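Architecture and fold: a report
For reference, the chains in residue letters:
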Amino acid sequence: MQGNLPPEAQEKLEELQDLQEKAQQVAAQKQQAETQLQESETALDALDDIEGDTTMYRKVGELLVETDYDEAEDDLEEKVESLELRVETLEKQEERVQEQFEELQTELQNMLAGGGAGGPGGMGPGAGGA
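Just so you know, these numbers come straight off a predicted model, no measurement behind them. (Residues numbered from 1 in each chain as written. Predicted model: local features only at pLDDT ≥ 70, side-chain atom pairs only at ≥ 80, totals over all residues. Heavy atoms only, no water.)

**Some points on the pattern of salt bridges**
All chains considered together, the criterion is met by five salt bridges. The salt bridge partner of E88 is K92, with a shortest N-O separation of 3.6 Å. Of this pair, E88 and K92 both sit in helix α2 (residues 69–113), four residues apart, roughly one helical turn. Connected through shared salt-bridge partners, R58, E71 and D75 make up one network. (Salt bridge = Lys/Arg side-chain N within 4 Å of Asp/Glu carboxyl O. Helix = DSSP H or I, 4+ residues; strand = E, 2+ residues; numbered from the N terminus.)

Structure representation (structure tokens):
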């Protein structure tokens, strides 16, 4: 069916498909960030049940490195803040992409409803015939 569309409509359709892919990517990134945020918040909550002099380790690449309570807490708090900001940014980006998608979809529908056969200046008053 795409072959029968006017070039402008086909271009809009391709833009819509691109936006849909972008929306899926942003949603996946947001889901990943939300999961990491939840895990970090859980770890931070778990620190409340641990005594300050307990030996702890944090993962650095493939290694576990000994760390103290305060450093672990600071690192987790910083990570939570960073992830909260990331999720917020991705939510805004998701909203923008959705708005662009809806605008483009409306433009495409108007273009197709107006009929690509109208030509330039095509559908003014009185263009209907008798």
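Moving on, there is more to tell.
**A short note on a nonpolar patch on the surface**
On the surface, V60, L63 and V65 cluster together to form a nonpolar patch covering roughly 230 Å² of accessible area. Inspection of the secondary structure assignment puts V60 in strand β1 (residues 56–60). Among the residues examined, V60 registers a relative accessible area of 39% and is labelled partly exposed. (Patch = residues over 30% accessible without salt bridge, like charges linked within 9 Å, V, L, I, M, F, W, Y side chains within 5 Å. Areas by Shrake-Rupley, 256 points an atom, 1.4 Å probe, with all protein chains shown as cover. Buried < 20%, exposed > 50% of the residue type's maximum accessible area, 1.4 Å probe, protein only.)

**Observations regarding a negative patch on the surface**
The grouping of E41, D45, D48, D49, E66, D68, D70, D74, E77, E78, E81 and E84 at the surface amounts to a negative patch. Those elements giving two or more residues to the negative patch turn out to be α1 (7–47) and α2. The greatest single-element share of the negative patch, amounting to six residues, is contributed by α2. Structurally, D49 can be placed in the loop between α1 and β1. By relative accessible area, D49 is classed as exposed at 70%. (Lys, Arg positive; Asp, Glu negative; His and termini not counted. Charge placed at Lys NZ, Arg CZ, Asp CG, Glu CD.)

**Brief notes about the environment of T67**
Residue placement: T67 occurs in strand β2 (residues 63–67). Judged by its relative accessible area of 8%, T67 is buried. Each C-alpha atom of the pair T67 and Y57 lies 5.3 Å from the other, and the pair is 10 residues apart in sequence. In this view, T67 contacts M56, Y57, R58 and A72; residues no more than four positions away in its chain are not counted. A polar contact of 3.4 Å, which involves the side chain of T67, links it to the side chain of E71. (Contact = heavy atoms within 4.5 Å. Polar contact = N/O pair within 3.5 Å; in protein donor to acceptor, adjacent residues only side chain to side chain.)

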